[in-house]
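So you can see what is in the structure, the chains are spelled out below.
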Amino acid sequence: MRALLATFSLALLTGTALAAPIPVVASFSILGDMVKQVGGDRVSVTTIVGANADTHVYEPKPQDAVVLGTAKAFFVNGLGFEGWFDRLVEATGFKGEVVTASAGVATHTMDEDGEKITDPHAWQSLTNGKLYVANIAKGLCAVDAEGCPSYESNAAAYSAQLGALDAEVKAAIAAVPETERKVITTHDAFGYFAEAYGVTFMAPEGVSTESEASAADVARLIDQVKAASVKALFVENMSDPRLVEQIAAETGAKLGGALYSDALSEPGEGAATYLDMFRHNIGLLAPALEGK
Ligand SMILES: [Zn+2]
């Protein structure tokens, strides 16, 4: 009881622990976790597109307008990832702070049916992840100046964790011969991972799951698997697995499991945070690339 009283009076003195958390919204689960890590107890985060769900093809729901109605800030990835963002903001008349987590990322484009398309999956590099964290802290400071020192200290500690994991991922990939570093996944979600860590990813679908895979793309991947130039085949947690399963069936290649690309797992499934998502992916990728 004495400890409880002490906590209570400390809270009165500092005015922090008893204040209601600041309501904010994040567009998808990976970003939602990052905002939670930086916001800590001062912030209550609602995520629009949840675990194992596909943000590319999401259709806003009436409930989204309800949560945006009270939110102080709306955190989005940007780079065209949330194709429904403009519609939702317009429909809800959201007047809070919009924070684009990918602001300042060195983007890259992909050639898709002769069109140059900006790849939105920037979080798949942990160096970019650190930039997201800095942008999130800045966004939280803009809506809660009093909490800013806390956001900045959370961001610094979290960034250090991302930096340490980045070094681990680089070391795990460096152990694999360069010629073996080829992976097939469902859609082009790993362009930034490829660039950051030196792995080649191929996919029947483009940077959005909205695009249709062409028969020629599927045939080309089947040829590459048959020529044994690609041994690592993965489905994704949030997209249709059937094309990659078809490629595996037609070639007799073994599937390496599911990579987490655009969404986290549910709690207890092993990839419920951004850090755990990376640990899960590298834990599957490194042995598969080595043909184990
Ligand atoms: Zn995607």
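Summary of the structure given here. Every chain begins its residue count from 1, and numbering advances along the sequence as written. With pLDDT at 70 or above as the cut-off, local features in this predicted model cover only qualifying residues; side-chain atom pairs require 80 or more to be listed or tallied, and sums for whole chains, interfaces and linings still use all residues. Hydrogens and waters are ignored; side-chain quantities use all the structure's heavy atoms.

## A few points about the overall build of the protein chain
Then step 1. Only DSSP runs of H or I with at least four residues qualify as helices, and only runs of E with at least two residues qualify as strands; both kinds are numbered from the N terminus onward. In terms of regular secondary structure, the protein chain is built from ten helices and ten strands.
Then step 2. Restricting the calculation to C-alpha atoms gives the radius of gyration, and the globule rule supplies 2.2 Å times the number of residues raised to the power 0.38. The C-alpha atoms of the protein chain give 21 Å as radius of gyration, which agrees with the globular expectation for 292 residues (19 Å, within 12%).
Then step 3. Accessibility here uses a 1.4 Å probe with only protein chains present; expressed as a share of the type maximum, an area under 20% marks a residue as buried, one over 50% as exposed, and anything in between as partly exposed. For the protein chain, the proportion of its 292 residues judged to be buried stands at 47%.
Then step 4. A contact between two residues is defined here by any heavy atoms of the two lying within 4.5 Å. Excluding contacts between residues fewer than 6 apart, the proportion of contacts in the protein chain whose partners are at least 24 apart in sequence is 66%.
Then step 5. Charge counting follows a simple rule: Lys and Arg are positive, Asp and Glu are negative, and His as well as the terminal groups are ignored. Every charge is mapped onto a representative atom, which is NZ of Lys, CZ of Arg, CG of Asp or CD of Glu. Taking the 20 positively charged and 37 negatively charged side chains of the protein chain as two groups, their mean positions are separated by 6 Å.

## Some thoughts on the coordination of the zinc ion
Then step 1. The protein atoms donating to the zinc ion are H56 (NE2), H121 (NE2), H187 (NE2) and D262 (OD), with metal-donor distances spanning 1.9 to 2.0 Å.
Then step 2. Coordinating donors are taken as N, O and S atoms within 2.8 Å of the metal, stretched to 3.2 Å for Na, K and Ca; because water is absent from the atoms, sites can appear incomplete. Four donors are marked tetrahedral only if all angles between them lie between 85 and 135 degrees, whereas four are marked square planar and six octahedral if opposite donors are more than 155 degrees apart and the other angles lie between 65 and 115; the remainder are marked irregular. Coordination geometry of the zinc ion: the four donor atoms subtend angles of 95 to 116° at the metal centre, consistent with an arrangement described as tetrahedral.
Then step 3. Between the donor residues of the zinc ion, the gaps in sequence give the motif H-x64-H-x65-H-x74-D. You can see H56 sitting in the loop between strand 2 (43–49) and helix 3 (62–70) and its partner D262 sitting in the loop between strand 10 (255–259) and helix 10 (274–289), a full 206 residues away along the chain.
Then step 4. Here H56 falls in the buried class, since its relative accessible area comes to 7%.
Then step 5. According to the relative accessible area criterion, D262 is buried, its value standing at 0%.

## Thoughts on the state of the cysteines
Then step 1. Disulfide: a pair of cysteine sulfur atoms within 2.5 Å of each other. With the rule as written, the count across this model stands at one disulfide.
Then step 2. Through a disulfide, C141 is tied to C148; the S-S separation comes to 2.0 Å. Between C141 and C148 the sulfur-sulfur dihedral comes to about 90°; the bridge is accordingly right-handed. Here C141 matches C148 in class, with each residue buried.

## Here we look at the packing of aromatic side chains
Then step 1. Centres within 6.5 Å make a pair out of two Phe, Tyr or Trp rings, where for Trp the six-membered ring is used; the pair is then stacked when the planes are under 30 degrees apart, edge-to-face when over 60, and tilted otherwise. By the definition in use, this model includes 13 aromatic pairs.
Then step 2. Between F190 and F193, the ring centres sit 6.2 Å apart and the planes meet at 85°, which makes this aromatic pair edge-to-face.

## Description of the pairing of strand 9 (residues 232–236)
Then step 1. Among the five residues in strand 9, five count as buried, and that is most of the element.
Then step 2. Note on handedness: a clockwise path from strand one over the helix to strand two, with the strands aimed away from the viewer, defines a right-handed crossover. Of the crossover connections in this fold, the one passing from strand 9 over helix 9 (residues 242–251) to the parallel strand 10 is right-handed.

## Focus: the packing of helix 5 (residues 126–143) against helix 6 (residues 148–174)
Then step 1. Closest axis-to-axis distance for the helix 5/helix 6 pair is 9 Å, and the angle between their directions is 175°. By the angle class used here, helix 5 and helix 6 are roughly antiparallel. Contact residues: L126, T127, G129, K130, V133, A137, L140 and C141 in helix 5; C148, Y151, E152, A155, Y158, S159, L162, G163, L165, D166 and V169 in helix 6.
Then step 2. The residue inventory of the contact of helix 5 with helix 6, partitioned by class, reads twelve nonpolar, four polar and three charged. Axis definition: a line fitted to C-alpha atoms, limited for helices to the stretch in contact. Angles are taken between N-to-C directions and run from 0 to 180 degrees. In this scheme, roughly parallel covers angles under 35 degrees and roughly antiparallel covers those over 145, while 65 to 115 is roughly perpendicular and the rest are oblique. Residue classes follow a fixed rule: Ala, Val, Leu, Ile, Met, Phe, Trp, Tyr, Cys and Pro count as nonpolar, while Asp, Glu, Lys and Arg count as charged, and any other residue, Gly among them, counts as polar.

## Digging into the sheet that holds strand 3 (residues 73–76)
Then step 1. The strand order 2-1-3-4 describes an open sheet built from four strands, whose pairing is parallel. Of all strands in the sheet, those bounded by a partner on one side alone are strand 2 and strand 4 (97–100). Across this sheet, the average inter-strand angle for adjacent strands is 25°, counted without regard to direction.
Then step 2. Being paired, for any two strands, means DSSP has found at least two bridges between them. Pairing of strand 3 with strand 4, which is carried by four bridges, proceeds in the parallel orientation. When the sheet's bridge partners are listed, V76 is paired in strand 4 with T100.
Then step 3. Most of the contacts of helix 3 go to strand 1 (residues 22–28), to which it runs at about 140°, and overall it touches strand 1, strand 2 and strand 3.
Then step 4. Packing of helix 4 (residues 85–92) onto the sheet brings it into contact with strand 2, strand 3 and strand 4, and relative to strand 3 it is tilted by some 170°.

## Considering unusual backbone geometry
Glycine aside, residues mostly have negative phi, and peptide bonds are mostly found in the trans state.
Then step 1. A positive phi angle, near 55°, is found at N52, a position not held by glycine.
Then step 2. With respect to the helices, strands and loops of the structure, N52 is situated in the loop between strand 2 and helix 3.
Then step 3. The exposure class of N52 is partly exposed, given its relative accessible area of 27%.
Then step 4. Here L79, not a glycine, exhibits a phi torsion of approximately 60°, which is positive.
Then step 5. Along the chain, L79 falls in the loop between strand 3 and helix 4.
Then step 6. According to the relative accessible area criterion, L79 is partly exposed, its value standing at 28%.

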